Number of protein chains: 2
Amino acid sequence: MADRSQYEELARQISAIGAVKRGLARVLPAQCPSGSAAALALVGRYGEMRMSRLAELLAVDMSVTSRHVAHVVDRGWIERSPDPDDRRSRILRITPAGEELLDDMARRTTDMFARTLKDWTDEDVGLLNTLLARLRDCVTEKEVHGYDHTNRCAGRPRQDT
Amino acid sequence: MADRSQYEELARQISAIGAVKRGLARVLPAQCPSGSAAALALVGRYGEMRMSRLAELLAVDMSVTSRHVAHVVDRGWIERSPDPDDRRSRILRITPAGEELLDDMARRTTDMFARTLKDWTDEDVGLLNTLLARLRDCVTEKEVHGYDHTNRCAGRPRQDT
DNA sequence: TATTGTTATACTCTATAACTATA
DNA sequence: TATAGTTATAGAGTATAACAATA
C-alpha cells in the first residue's frame, strides 16, 4: 500500500494525461477522430468481434461504441454483419480500406512517439505500458465487481518485496 | 529508442486511460467537476499563481482554464485578485472553503486508490507517477519547441488526408 | 505591438434512458 | 423477461478566434 501523497500525485498525473492524448489525436487524419481510431485499432488488432466485446475493450458504454462504430462503418473501414448464432448481435470486421487507414495511423502515432520519446529505452516504454494496463485493470475491476480483488490485478506477476 | 510495437501499445494505453479518469471523476462531489477539481488542487497544492501558470500546469489552453477558474470562483473556493505588478494578470489563491473542499476530495480520491490499488507498493505508484510526468513533459515540449512542425498546419487542429 | 485574460462558438467524448428486435 | 444494440438527449472538456485591457 502506497503513501496517500503518492495517490494524490497519481490523481493529478491522470487528470493531466489529457495533454498527451490530445497530442496523439492531432496526428490523426481529420476523418477519423480518436474514438473511431480506437475502435478501428481494436477490431484490426484483435480480429472480428461483437459490439459488446468492443465496448468492453474500449472501456466505454455500448451506446458510445455504437456511435464510433457507425462512424467507421459509414466510411467503409469496418464491416458490420449479422451474427448467425444470435441475430441480436452483429459481427465487426475490418475491411481492406480499414487496414490501410489503420496502418497509416499507426505509422503516424509511432512516428510521433519516436520523435518525442527519442531518449526513452524500450524498457522504459514497456514498463509504462505494463503499469498503465495494470492500473486500468485494477480500477475497472473494482468498479464492476465490488470490493475484494486484491490478487486479481493483472499486468505482471507480482514480486513480493 | 523503443520498438514501434511498444509505441503502438502506448497509444492504445493512453487512449484507454479515460476509464481510470472517469473512475476518479465519479468519486468527486457533483458541484465540482473534474476540470474544476484539477484547477483547485493545483492552486491549493502549489500556492497562489497567475492564470497563465495554472494553464501551463493543467496543460490546457488558457481559455479553458478561465472557464474552470470562473466556476470555482463563483462558488467561493478560489479568490481571484488583481496582480499589483501587472494589471493584466490576476492572482489566484485558494480560500478556506476551497481548502476544506480540496481536503474532502483528496480524501475521496486517495480512498478510491487505496481500495483499488491495494497491492501496489509505494515504489510502483511512485514509478508510474514519474513515468507519466516524464511522458507528458516529452510530448508537450516537442509540441511547443520541437523541430519538426511539418504536421502542425497553423490554424487547423489536424492533418487532412 | 505584444501579452494576459475573457467570452462566443463549435466539436468530441461520454453516460442515461427510451426504444427495437431477438433470445 | 432478459439481452444486444441503436438513437436521442444532455453534460463535460477542449480548442480557435475575436475581443478587451494593459505592458
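Everything numeric here is computed off the predicted structure, so don't read it as measured data. (Residues numbered from 1 in each chain as written. Chains lettered and ligands numbered in written order. Predicted model: local features only at pLDDT ≥ 70, side-chain atom pairs only at ≥ 80, totals over all residues. Heavy atoms only, no water.)

Digging into the interface of chain B and chain A
Chain B puts 67 residues into the contact, and the matching count from chain A is 76 residues. If you look at where chain B meets chain A, you find 19 residue pairs in polar contact (both at pLDDT 80 or more). The set of elements that each furnish at least two residues to the side of chain B that touches chain A consists of α1 (4-16), α2 (18-26), α3 (34-46), α6 (96-116) and α7 (122-145) of chain B. If you tally residues by element for the side of chain B that touches chain A, the top one is α7 of chain B, at 18 residues. For the side of chain B that touches chain A, the class distribution of residues is 31 nonpolar, 13 polar and 23 charged. (Contact = heavy atoms within 4.5 Å. Polar contact = N/O pair within 3.5 Å; in protein donor to acceptor, adjacent residues only side chain to side chain. Helix = DSSP H or I, 4+ residues; strand = E, 2+ residues; numbered from the N terminus. Nonpolar A, V, L, I, M, F, W, Y, C, P; charged D, E, K, R; others polar.)

Focus: a negative patch on the surface
On the surface, E99, E100 and D103 of chain A together with E8 of chain B cluster together into a negatively charged patch. If one sorts the elements of the negative patch by residue count, helix α6 (residues 96-116) of chain A sits on top with 3 residues. Tracing the backbone through its elements, the reader meets D103 of chain A in helix α6. Since its relative accessible area comes to 53%, D103 of chain A is described here as exposed. (Patch = residues over 30% accessible without salt bridge, like charges linked within 9 Å, V, L, I, M, F, W, Y side chains within 5 Å. Areas by Shrake-Rupley, 256 points an atom, 1.4 Å probe, with all protein chains shown as cover. Salt bridge = Lys/Arg side-chain N within 4 Å of Asp/Glu carboxyl O. Lys, Arg positive; Asp, Glu negative; His and termini not counted. Charge placed at Lys NZ, Arg CZ, Asp CG, Glu CD. Buried < 20%, exposed > 50% of the residue type's maximum accessible area, 1.4 Å probe, protein only.)

Section: the relation of the copies chain B and chain A
Here chain B sits on chain A after a turn of 180° about the axis and a move of 0.1 Å along it, with an RMSD of 0.2 Å. Look at the turn and shift together and you get a two-fold axis relating the two. Ranked by how close their C-alpha atoms come to the rotation axis, the residues of chain B are headed by L128 of chain B, at 3.5 Å. The overlap is high: 94% of the interface residues of chain B also sit at the interface in chain A, so the same surface is used on both sides. (Least-squares fit on C-alpha atoms with pLDDT ≥ 70 in both.)

Let's talk about the protein's contact with DNA strand C
G35 and D61 of chain A together with S52, S66 and R88 of chain B are the nearest of the 23 residues found near DNA strand C. R87 of chain A places a main-chain nitrogen or oxygen 3.1 Å from a phosphate oxygen of DNA strand C. At 4 residues, helix α5 (residues 62-74) of chain A tops the list of elements feeding residues into the surface near DNA strand C. Here the residues of the surface near DNA strand C sort into 5 nonpolar, 8 polar and 10 charged. (Near = heavy atom within 4 Å.)

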